[in-house]
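Commentary on secondary and tertiary structure
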Amino acid sequence: MSYNPFFAVRVMAISSLFAILPHISGAEIADDKKVWTTHVEVTCGRPVPPQSIDETKQFTDVTAALGIHFSHRCDQIARGKKEDRQIMAGGIAVGDYDRDGWPDLYFSGGSASQGALYRNLSGERFEELAVSAGVALPGVEAAGALFADYDGDGWLDLLVTGVNESPSTLLRNLGNGRFADVTTASGLAGLSNSFSATFADYDRDGDLDLYIAHWAPPQNSAQLWRNNGDKTFTNITLQAGLANSEMNDFSANFTDIDNDGWLDLLIAADFDTSQVYLNSQDGHFKNITTADITDENGMGTAVGDYDNDGDMDWFVSSISTGGISGNRLYQNRGDGTFADVSKKTAVRDGGWGWGSCFADFNNDGWLDIFQVNGYGRPAMNYQGDNNLEASVLFISTGKRWFRGIRFVEQAEQWGVADSRHGRGVACLDYDRDGDLDIIVANNNQPPLVYRNNGTENSHFLNVRLRGAPPNSEALAARIYVKANGMQQMRELRAGSNYLSQDLAEAHFGLGDDTVVEELRILWPSQQTTVMKAVQADQFLVIDEPIKKP
């Protein structure tokens, strides 16, 4: 695949007036014919130099070649809830914390290992900087991690969740390569037994609110935190109508399931307690969970439009051993309710599932599913039960299949059938070569980085947004791409796959199409940006339009 040099262009648009740009034939800022200014940067990656590693399969383990030598470790403790929490830990956050255009990594540590911050060196290697950056957190028994700009200053901050006696920690990005612990000042002090977290502007006041999941929580544990706009948070769990005492939640995501422009809440939880909450648009949520939500042990979760029909579907990883019926794929009916299509799409049998993600790994325009597996005390050198099921990779057949969309399990064939104790997972293009790679955080073991070796003659488009402050990543924006008669949609999130996240950017596989007919952005402010005839194989960075005075 060929790439173009870096360049940036500035667009002035008046309603339907199109500006001629290199590789972008038109840009339209649609809003009652007023003058707006937007900024579009077109940045193109370059192929990573060949390395002396096996590339005979779609994915190659490049962990060591990239200089990643971290290992998650936990001390052995007596059995019980505390040990369960240790065995379930191991997360990863991904984000461009230093704003150099390359996604960086943070691995959460255990009671016997500190966290690791890996700065991306142009996709070729990573350097570990946790101690100098102030995010190592020695002695903290962490579970997961999440990058998000909670204070709206344009720099990604870091939330690290903690279990047992370790509270969660909020670290503010100072913009100079270092972070400061602001947990107490933010009002989040004392949050224990926390697993996954997700940031989003659920009340549409401009700043990012926070939901934190707590498995086997203490009574009245705090889950929903409203951002006060002054770098502090207020616990509004009960006021917002969340039945926190009913859930053993692992993973949550804010997403607009009924297409009304307001973020709803999907919660994957253990022991038959997964929940669907609809945003009432007044600061409250309504529990609309129906009998269709049947996962017994919801752990990891992914949200995405797997059938390309314009609404958000929901995958929940669960357990398919010991008489438990496995994963669930809930298809959105278009009105915010879901139908269980797990059996029809062939995704139920996934082992002892944890983190999962929707991603188009072969750039064919259809979302696939990757899920990590594994559970057992031998991961901590205990004697006893153990589940060493390999990770699973469900590749979408698209609508070419005569019975509709189905998934075919291909982990072994594609080189990602690892049997370590996977927990968190992130699916992203870390090397900016136009295809999605996979990073797995393992429990009490080193992580894995799988580089995608690409699909011949396939094309892509990657879109990152810069939102108006304080929502600097434009979280909740929707990006639509039309190519060859098919429309795809992505919704930007700082959400949880289970103790982990994907990048807040949109990757579109285009198959053999070299031009996108239309790129449309629905911003969180409900403004719309439209661009026509966009050349494929580019990384676009687009600013939210700002009205001129």
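Being a predicted model, the structure only gives us computed values, none of them experimental. (Residues numbered from 1 in each chain as written. Predicted model: local features only at pLDDT ≥ 70, side-chain atom pairs only at ≥ 80, totals over all residues. Heavy atoms only, no water.)

**Side note on the overall build of the protein chain**
Broken down by element type, the protein chain carries five helices and 41 strands. Put simply, the protein chain has 549 residues, and 64% of those count as buried. At a minimum sequence separation of 6, the contacts of the protein chain that also span at least 24 residues come to 58%. Accessible area of the protein chain: about 18,800 Å², with a carbon and sulfur share of 50%. (Helix = DSSP H or I, 4+ residues; strand = E, 2+ residues; numbered from the N terminus. Buried < 20%, exposed > 50% of the residue type's maximum accessible area, 1.4 Å probe, protein only. Contact = heavy atoms within 4.5 Å. Areas by Shrake-Rupley, 256 points an atom, 1.4 Å probe, with all protein chains shown as cover.)

**A word on the sheet that holds strand β7 (residues 116-121)**
Spatial strand order, β5-β6-β7-β8: four strands in an open sheet with antiparallel pairing. In this open sheet, the two strands that pair with only one neighbour each are β5 (92-95) and β8 (125-128). In this sheet, adjacent strand axes meet at a mean angle of 25° when their direction is disregarded. Bridging between β7 and β8 involves four bridges; their strand directions are antiparallel. In the strand pairing of β8, Tyr118 is matched with Glu128. (Pairing = 2+ DSSP bridges. Axes fitted to C-alpha atoms, helices over the stretch in contact; angles between N-to-C directions.)

**Observations regarding the pairing of strand β40 (residues 538-543)**
Counting buried positions over the six residues of β40 gives six, a clear majority of the element. The side-chain alternation of β40 yields two buried faces, one formed by Gln538, Leu540 and Ile542 and the other by Phe539, Val541 and Asp543. Bridging between strand β34 (residues 459-466) and β40 involves six bridges; their strand directions are parallel. Paired with Leu465 across the strands is Ile542, a residue of β40.

**Description of the pattern of salt bridges**
Going through the model one piece at a time under the given rule, you end up with 16 salt bridges. Of the charged contacts, one joins Arg119 and Asp100 as a salt bridge, the two residues approaching to 3.7 Å between their closest N and O atoms. Here Arg119 is found in strand β7, whereas its partner Asp100 is found in the loop between β5 and β6 (104-107), with 19 residues between them in sequence. Sharing partners across several salt bridges, the network here consists of Asp98, Asp100, Arg119 and Glu127. (Salt bridge = Lys/Arg side-chain N within 4 Å of Asp/Glu carboxyl O.)

**Observations concerning the pairing of strand β36 (residues 486-491)**
Here strand β35 (residues 478-483) runs beside β36; their pairing, made up of six bridges, is antiparallel. Counted as the bridge partner of Lys482 is Gln487 from β36.

**Some details on the state of the cysteines**
Here the structure, examined in full by the defined rule, presents one disulfide. Sulfur-sulfur distance for the disulfide between Cys357 and Cys427 comes to 1.9 Å. Residues Cys357 and Cys427 are joined through a disulfide that is left-handed, its torsion about the S-S bond being -50°. Note that Cys357 is positioned in strand β25 (residues 353-359) and Cys427 in strand β31 (residues 422-428), a separation of 70 residues in sequence. Each of the two residues, Cys357 as well as Cys427, counts as buried. (Disulfide = S-S within 2.5 Å.)

**As for the packing of aromatic side chains**
In the structure shown here, the tally under the stated rule is 21 aromatic pairs. Relative to Phe107, the ring of Phe70 has its centre 5.5 Å away and its plane inclined at 15°; by these criteria the two rings are stacked. Taken together, the residues Phe70 in the loop between β4 (59-61) and α1 (81-87) and Phe107 in strand β6 connect sequence positions 37 residues apart. Among the aromatic side chains, those forming a connected cluster through ring pairs are Phe195, Trp215, Phe250, Phe271, Trp354 and Tyr498. Between the NZ or CZ atom of Arg99 and the centre of the ring of Trp155, over which it lies, the distance is 3.9 Å. When the ring centre of Tyr480 is taken as origin, the NZ or CZ atom of Arg520, which lies over that ring, is 4.2 Å away. (Phe/Tyr/Trp six-rings, centres within 6.5 Å; stacked < 30°, edge-to-face > 60°. Lys NZ or Arg CZ within 6 Å of the ring centre and 35° of its normal.)

**Some points on the confidence of the model for the protein chain**
Put simply, the protein chain has an average pLDDT of 87, and 84% of its residues get 70 or more. Contacts of residues 1-37 to residues separated by more than four positions or lying in other chains number 104 contacts, the stretch itself having pLDDT below 50. pLDDT under 50 marks residues 378-385. Its contacts with residues more than four places away, or in other chains, come to 23 contacts. (pLDDT = per-residue confidence, 0-100.)

**Focus on the side chain of Asn297**
Tracing the sequence through the fold places Asn297 in the loop between β20 (285-287) and β21 (301-304). Residue classification places Asn297 among the buried positions, given a relative accessible area of 9%. The residues contacting Asn297, other than those within four sequence positions of it, are Ala269, Asp270, Phe271, Ser317, Ser318, Ile319 and Ile324.

**Section: the nonpolar core**
In terms of nonpolar packing, the biggest core is built from 34 residues, with Phe195, Trp354, Phe361, Phe370, Leu393 and Ile438 touching the most fellow members. Elements that contribute at least two residues to this core include exactly β25, β26 (368-373), β29 (392-396), α5 (411-414), β31, β32 (437-442) and β33 (448-452). Of all hydrophobic cores here, the second largest spans 22 residues; its members include Leu461, Leu465, Ala474 and Leu510. (Core = buried A, V, L, I, M, F, W, Y, C linked by side-chain atoms within 4.5 Å.)

**Some points on the side chain of Asn373**
Considering the arrangement of structural elements, one finds Asn373 in strand β26. In terms of polar contacts, Asn373 uses its side chain to reach the backbone amide nitrogen of Trp352, at 3.3 Å. A polar contact of 2.8 Å, which involves the side chain of Asn373, links it to the backbone oxygen of Ala390. (Polar contact = N/O pair within 3.5 Å; in protein donor to acceptor, adjacent residues only side chain to side chain.)

**Some remarks on the environment of Val163**
The residue Val163 is located in the loop between β10 (157-162) and β11 (169-173) in this model. Judged by its relative accessible area of 0%, Val163 is buried. Not counting residues within four places of it along the chain, the set of residues in contact with Val163 comprises Arg85, Glu141, Ala143, Asn193, Ser194 and Phe195.

**Side note on the sheet that holds β10**
Taken in spatial order, the four strands of this open sheet run β9-β10-β11-β12, and their pairing is antiparallel. Looking along the sheet, the strands with just one partner apiece sit at the ends: β9 (142-148) and β12 (179-181). Going across the sheet, the axis of each strand differs from the next one's by a mean of 20°, ignoring polarity. Inspection of the sheet shows β11 paired to β12 by three bridges, in the antiparallel sense. Bridge assignment links Leu171 to a residue of β12, and that residue is Asp181.

**A word on the environment of Gly511**
One can find Gly511 in strand β37 (residues 506-511). The buried category is assigned to Gly511, whose relative accessible area is 18%. For the pair Gly511 and Phe460, spaced 51 residues apart in sequence, the C-alpha separation works out to 7.4 Å.

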